[in-house]
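A structural walkthrough
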Amino acid sequence: MKVELRTLAVLEPAVLHLVAPRDGVSGVPELAGKNLGIGFPGKRVTLAVRRVLAGFGIEQQVRLAAIPVDSAAVALRERSVGAFAWLDAFPSEIVSGLARAPSLGIRLLDQGAALEKIPAEHRPICQRAVVPAGTYPGVPAPVTVAAVPHLVVGLARLEDEVAHNIAWALEAPLAADTAIPVHPGASRARAEAVPKAEPARHAAPH
């Protein structure tokens with residue numbers, strides 16, 4: 001049975017961290033022929049990884065390997081993987097831990113060139129974000145990454161007032177290009193939250 005859903009809110013996105021050793025690969029294309037470790041493999045992270053690799057034209061040349069998060073630093077240090085993929089909001093505690101791991105040092109691989117090639121129909125679920133400079137130790141410059149939005153959804157038949165109240169309580173912005181259409185009640189809540197410009201005040205005549 002088909003279930004129709006509607007977006008109620010868009011929460012903080014998770015971003016794809018491609019973490020490589022500081023003295024290892026310097027860009028995603030260099031992962032061709034190497035293993036890419038993935039912690040907690042799942043549909044979202046695998047989808048984001050494959051979209052980015054496809055954008056660089058190396059999807060078929062990179063081997064995805066599931067490795068436990070607590071083994072990531074060792075795998076990077078020993079070069080059993082060229083990089084480690086982790087999907088999380090930033091700053092990520094896991095990535096910060098890798099940055100502080102003894103005798104490692106990290107770099108985040110920039111994904112911007114691949115994101116420009118993602119087909120328009122896939123962009124609502126694989127968007128562009130920037131991890132600011134200095135977010136992680138040893139990463140002094142901003143890095144462009146893929147972002148996967150967290151959506152709060154409800155049934156399309158949800159009453160407008162209920163959808164309105166949920167969206168209002170979450171105080172989360174709505175994106176124009178969400179993968180799932182926005183519920184009318186949520187749209188009304190966001191419109192009400194936008195401050196209205198005050199009318200111009202004219203000086204009283206002397």
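These lines cover the structure that appears in this document, whether it is placed above or below. Along each chain, residue indices are assigned from 1 in the same order as the chain's sequence is written. Selection of residues for local features in this predicted model requires a pLDDT of at least 70, selection of side-chain atom pairs for listing and counting requires 80 or more, and totals for whole chains, interfaces and linings are taken over all residues. Excluding hydrogens and water, the side-chain figures rest on all heavy atoms present in the structure.

1. Structural notes on the nonpolar core
- The term nonpolar core refers to a set of buried residues drawn from Ala, Val, Leu, Ile, Met, Phe, Trp, Tyr and Cys, joined through side-chain atoms within 4.5 Å. Only protein chains enter the area calculation, which uses a 1.4 Å probe; residues under 20% of their type maximum are buried, those over 50% are exposed, and those in between are partly exposed. Residues Leu16, Leu18, Leu31, Leu36, Val49 and Leu109 are the most contacted members of the largest nonpolar core, which totals 26 residues.
- By definition, any uninterrupted DSSP run of H or I lasting at least four residues is a helix, any uninterrupted run of E lasting at least two residues is a strand, and each is numbered from the N terminus. Counting only elements with at least two residues in this core, the list comes to strand S1 (5-21), strand S2 (35-38), helix H1 (43-55), strand S4 (83-88), helix H4 (112-115) and strand S7 (143-155).
- Counting residues per element, this core draws most heavily on H1, at 5 residues.
- Among the nonpolar cores identified, the runner-up in size contains 25 residues, and Ala75, Leu76, Val81 and Ala99 belong to it.

2. Details of the pattern of salt bridges
- One speaks of a salt bridge when a side-chain nitrogen belonging to Lys or Arg is within 4 Å of a carboxyl oxygen belonging to Asp or Glu. Applying the stated criterion to the full structure yields 2 salt bridges.
- Between Glu59 and Arg50 there is a salt bridge, and its shortest N-O distance comes to 3.7 Å.
- A residue is classified by how much of its surface remains accessible, and Glu59, at 24% relative accessible area, is partly exposed.
- Looking at Arg50, the relative accessible area reads 37%, which means it is partly exposed.

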